[in-house]
Structure formats: C-alpha cells, structure tokens
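Take a look at the letters that make up each chain.
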Amino acid sequence: MNYNEVHDAAKTQVGPYCKNCPVCNGLACGNAMPGPGCKFPGNVAARNYAKWQEICVNMDTLCPNADPDVSFELFGRKFSAPIFAAPLGAIDMHYGPKYKDQEYNSILIKAAYEYGVLALTGDGVNPDIMKSAVSDMKKYEGVGIPTIKPWNKEFVFEKLDILNESGIFAAAMDVDGAGLPFLKAMNPNAGSKSVDEMKEIVSYAKMPFMVKGIMTVNGALKAVEAGAKAIVVSNHGGRVQGGVPSTAEVLPAIADAVKGKVTIFVDGGIRSGVDVFRALALGADAVLIGRPILNMIYGGGEEGFKVYMDKIVGELKSTMTMCGAASLKDIDRSKVYLG
C-alpha cells in the first residue's frame with residue numbers, strides 16, 4: 001500500500017470525531033470532545049500546525065553531495081530517525097472503535113521497534129493499559145516509553161515498580177494532564193507536582209525519566225532540577241486548558257535555556273519532514289507525532305506505520321539536502337528564516 005491508499009482506508013475506520021483530514025491541521029475537530037479537540041476556543045491543535053508553517057527554511061545547495069544521516073541517539077541507544085510516536089489514550093472513545101488502547105499500543109510498539117524508532121504509550125484509569133504496553137515492550141528489548149499520568153505519588157510508585165522490574169528503556173510523565181478530573185478525584189489527591197515530588201519520582205525510577213508537558217523556560221528549568229533526562233515541549237494539556245501558545249512559539253527560548261542539559265523533544269502539529277526540520281532548527285533534538293500515525297495504523301496497521309515513516313523521513317532527508325545539512329547536528333537556527 002502507498003500513503004494515499006492507507007490514508008483513504010482510514011476514512012472508513014476513524015470517526016466520528018476525528019475527520020481524517022488530508023492534512024491533520026486541527027481545524028475540523030477543534031472543539032470535538034470526546035475526540036481530538038480541546039476546550040474553548042478549541043484552537044490549540046490548529047495553532048500548533050499553523051505556527052510551524054510560518055517558519056521558512058533556508059536553501060543552500062553549495063555543499064557536498066551526500067545522503068543525509070538522520071540517525072539519532074537517546075540514552076545510549078541509536079535510532080533510525082529523530083521521530084518517535086507520541087502517546088495517545090482512550091483510543092476507541094476519541095478516534096473510533098476499531099482498536100482499544102491495548103490493541104493499538106501492541107501494533108505501535110512492534111511497528112516502531114522494527115522501523116528503528118520507538119513509541120511512547122499512554123496511560124488511563126484502566127491499569128491494564130500500561131501493563132499490556134509493558135508486556136509488549138518486553139518482547140522488543142524493553143524498547144518503549146510508557147507515559148504515566150500525574151497520579152498521586154503512591155500510585156505512580158506502583159506503576160514504576162512494574163517498569164523497574166521489566167527493564168523498560170525509559171519512563172515518562174505527562175505533567176500537563178494535571179487538570180484531568182479523574183486525577184483530582186483521587187484520594188490522596190493527584191495532579192500538579194512540586195519539584196521535590198518530581199525529584200522523588202525521578203529518583204525512584206531505575207531508568208531515564210522524561211517530563212512531558214513543558215511550555216515555559218521556568219518549567220524546563222524545574223524539570224532539569226528534578227533530574228529529568230529529557231523533556232517534551234507539549235501543550236496537549238491544552239485539551240483541558242484552552243488559550244495556550246503553540247509549541248513552536250515557546251521552543252526556542254526553552255532550547256536556549258536547557259539545550260545540552262537535557263534532551264529536548266517537541267510535540268504538537270508536526271505534520272511533515274519539513275516541520276521536523278523546522279523543529280530541530282529551533283532547538284529540539286527530536287519530535288513526537290501522534291494523530292497522523294494513529295490514522296495510518298487505523299488504515300493499514302503495521303504497514304501503515306512504515307508507509308508514514310518512510311514518507312516523513314524521506315521529506316526530512318530531502319529538506320536536509322536542499323538546506324545543506326549532512327546530519328542532524330548541522331540543523332541549527334541558521335537553517336530557518338524567521339523574518
């Protein structure tokens with residue numbers, strides 16, 4: 001199957017909230033909840049996408065002619081590209097009944113591993129979601145990153161016990177989920193974490209820890225202080241908090257503050273290899289992509305994942321060739337035009 005065939009096949013599999021648009025730009029689904037939308041004014045995803053498109057890349061073809069190297073290293077392991085799968089949850093409710101979280105994650109983990117990248121997986125009120133993901137990751141050298149909601153500390157430690165015992169590559173927490181009602185309803189209370197609380201959590205984990213949901217320089221500095229080895233600039237907590245800036249807008253300042261101290265991922269609205277190039281130029285080390293990958297898996301399973309990755313990696317390589325970047329380390333802010 002080619003990209004168009006997989007994308008067309010997904011049209012009969014996703015919905016009714018996700019519209020499987022030709023380009024996933026957040027316009028058709030803005031306020032669709034359940035679904036991929038967010039609170040009023042419902043423009044978080046659309047703003048993410050639009051801001052990447054405002055950044056132009058600088059062409060420079062007076063350079064050696066070579067196939068660009070897009071390999072990426074994280075925590076001592078080499079990956080085929082700086083493009084990982086973002087965690088998604090409540091799959092059947094938000095995107096259609098074809099898959100439950102456990103089934104979707106199983107396909108995603110295997111497909112990502114075989115492509116030479118990895119998947120972050122979501123969390124939920126059903127504890128089997130994370131347990132099932134861990135079981136699948138163990139089949140593939142533990143390569144994957146389970147993402148834990150900011151539950152109360154006791155529950156977080158229970159989940160980390162499972163990861164610690166299973167030899168999982170890394171762990172993450174999506175701290176921007178702090179406002180979710182089911183977290184606030186817990187006893188003891190769950191949600192936002194102080195730096196001291198995050199230090200305890202990071203120290204308890206026996207693997208590198210990633211903090212997802214960073215949107216300010218101060219937040220990035222606090223994540224570094226807490227001992228995080230990686231951060232994800234992400235506003236998907238915007239699903240429960242409207243009116244936030246795009247990730248492209250805040251990334252440069254965050255990168256200037258913590259580049260070299262922590263690995264920087266960015267998530268939100270990245271839809272092409274050109275967007276990946278833009279993100280790396282603004283200071284990210286790698287990117288996460290969620291909804292487009294989900295649509296391709298709904299349309300073509302593991303093959304759909306490979307078709308999508310081939311497309312976006314090919315676009316990244318093409319952009320690198322046209323902009324004079326032989327490897328990822330050559331992509332810096334001089335490669336983009338910011339006006």
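Conventions we followed
Residues numbered from 1 in each chain as written. Predicted model: local features only at pLDDT ≥ 70, side-chain atom pairs only at ≥ 80, totals over all residues. Heavy atoms only, no water. Helix = DSSP H or I, 4+ residues; strand = E, 2+ residues; numbered from the N terminus. Rg over C-alpha atoms; globule rule 2.2 N^0.38 Å. Buried < 20%, exposed > 50% of the residue type's maximum accessible area, 1.4 Å probe, protein only. Areas by Shrake-Rupley, 256 points an atom, 1.4 Å probe, with all protein chains shown as cover. Lys, Arg positive; Asp, Glu negative; His and termini not counted. Charge placed at Lys NZ, Arg CZ, Asp CG, Glu CD. Salt bridge = Lys/Arg side-chain N within 4 Å of Asp/Glu carboxyl O. Axes fitted to C-alpha atoms, helices over the stretch in contact; angles between N-to-C directions. Parallel < 35°, antiparallel > 145°, perpendicular 65-115°, else oblique. Contact = heavy atoms within 4.5 Å. Nonpolar A, V, L, I, M, F, W, Y, C, P; charged D, E, K, R; others polar. Pairing = 2+ DSSP bridges. Phe/Tyr/Trp six-rings, centres within 6.5 Å; stacked < 30°, edge-to-face > 60°. Left-handed = near helix turned anticlockwise from the far one by under 90°.

Considering the overall build of the protein chain
A count of helical and extended segments in the protein chain gives 12 helices and 12 strands. Compactness check: the protein chain gives a C-alpha radius of gyration of 19 Å against a globular reference of 20 Å for 339 residues, within 12% of the reference. Each principal axis of the C-alpha distribution contributes one length, and for the protein chain these read about 60 × 45 × 40 Å. The buried share of the protein chain, reckoned over its 339 residues, is 56%. As presented, the protein chain carries roughly 13,800 Å² of accessible surface, and 53% of it is formed by carbon and sulfur atoms. Taken together, the 35 basic and 36 acidic charged side chains of the protein chain have centroids lying 3 Å from each other.

Description of unusual backbone geometry
Trans is the common state for peptide bonds, and a negative phi is the common state for residues other than glycine. Between G15 and P16 the backbone carries a cis peptide bond, its omega angle lying at 10°. Considering the arrangement of structural elements, one finds P16 in the loop between α1 (3-10) and α2 (44-53). Of note, N20 is a non-glycine position whose phi angle comes to about 50°, a positive value. When its relative accessible area of 5% is taken as the criterion, N20 is described as buried. Look at A90: it is not a glycine, yet its phi comes out positive at around 50°. Among the structural elements, A90 can be located in the loop between β4 (83-85) and α3 (91-95).

Quick notes on the pattern of salt bridges
All told, the structure shown has 21 salt bridges when counted by the stated rule. Its salt-bridge partner being K110, residue E114 comes within 3.0 Å of it at the nearest N-O pair. A residue pair is termed a helical-turn pair when its members lie 3 or 4 positions apart in one helix, as E114 and K110 do in helix α4 (residues 101-115) at 4 residues. On the basis of relative accessibility, which here comes to 23%, the residue K110 falls in the partly exposed class.

Some points on the packing of helix α5 (residues 128-138) against helix α6 (residues 153-166)
Running from N to C, α5 and α6 cross one another at 10°; their axes reach a closest spacing of 11 Å. Accordingly, the angle class assigned to the pair α5 and α6 is roughly parallel. Contacts between α5 and α6 pair M130, K131, V134 and K138 from the former with K159, I162, L163 and S166 from the latter. Across the contact of α5 with α6, the residue classes tally to 4 nonpolar, 1 polar and 3 charged.

Observations regarding the sheet that holds β4
With parallel pairing, 8 strands are arranged side by side in an open sheet as β4-β11-β10-β9-β8-β7-β6-β5. On the outer flanks of this sheet lie β4 and β5 (120-121), each paired with one strand and no other. Of the strand pairs in this sheet, strand β6 (residues 145-148) and strand β7 (residues 171-174) are connected by 2 bridges, and their pairing is parallel. Paired with I148 across the strands is M173, a residue of β7. The sheet contacts of helix α12 (residues 291-322) involve β4 and β11 (286-289), and relative to β11 the element is tilted by about 155°.

Considerations on the packing of aromatic side chains
Per the counting criterion, the structure on display carries 12 aromatic pairs. Look at F84 and F265: their rings are 5.6 Å apart centre to centre, the planes differ by 45°, and that puts the pair in the tilted class. Of this pair, F84 sits in strand β4 while F265 sits in strand β10 (residues 263-267), and the two are 181 residues apart along the sequence. Each member of the pair, F84 as well as F265, carries the same accessibility label: buried. Relative to Y298, the ring of Y99 has its centre 5.1 Å away and its plane inclined at 90°; by these criteria the two rings are edge-to-face. Within this pair, whereas Y99 is found in the loop between α3 and α4, its partner Y298 is found in helix α12, the two being separated by 199 residues in sequence. We note that Y99, like Y298, is buried.

Observations concerning the packing of α6 against helix α8 (residues 195-204)
Taken N-terminus to C-terminus, the directions of α6 and α8 make an angle of 20°; their axes are 10 Å apart at the nearest point. As judged from the angle between their axes, α6 and α8 are roughly parallel. As for the relative orientation of α6 and α8, their crossing is right-handed in sense. Note on element contacts: α8 touches α6 through E200, I201 and Y204, opposite K153, V156, F157, L160, D161 and N164. Of the residues assigned to the contact of α6 with α8, the class counts are 5 nonpolar, 1 polar and 3 charged.

Quick word on the environment of N65
Inspection of the secondary structure assignment puts N65 in the loop between β1 (56-57) and β2 (72-74). The sequence separation of N65 and G324 amounts to 259 residues, and the corresponding C-alpha distance is 8.9 Å.

A short note on the pairing of β11
Regular strands place side chains that alternate from one sheet face to the opposite one. The side-chain alternation of β11 yields two buried faces, one formed by A286 and L288 and the other by V287 and I289. Bridge analysis of β4 against β11 gives 3 bridges, and the strand direction is parallel. Counterpart to I83 in the pairing with β11 is V287. Here 3 bridges tie β10 to β11, and the two strands are oriented parallel to one another. The residue of β11 that forms the bridge with D267 is L288.

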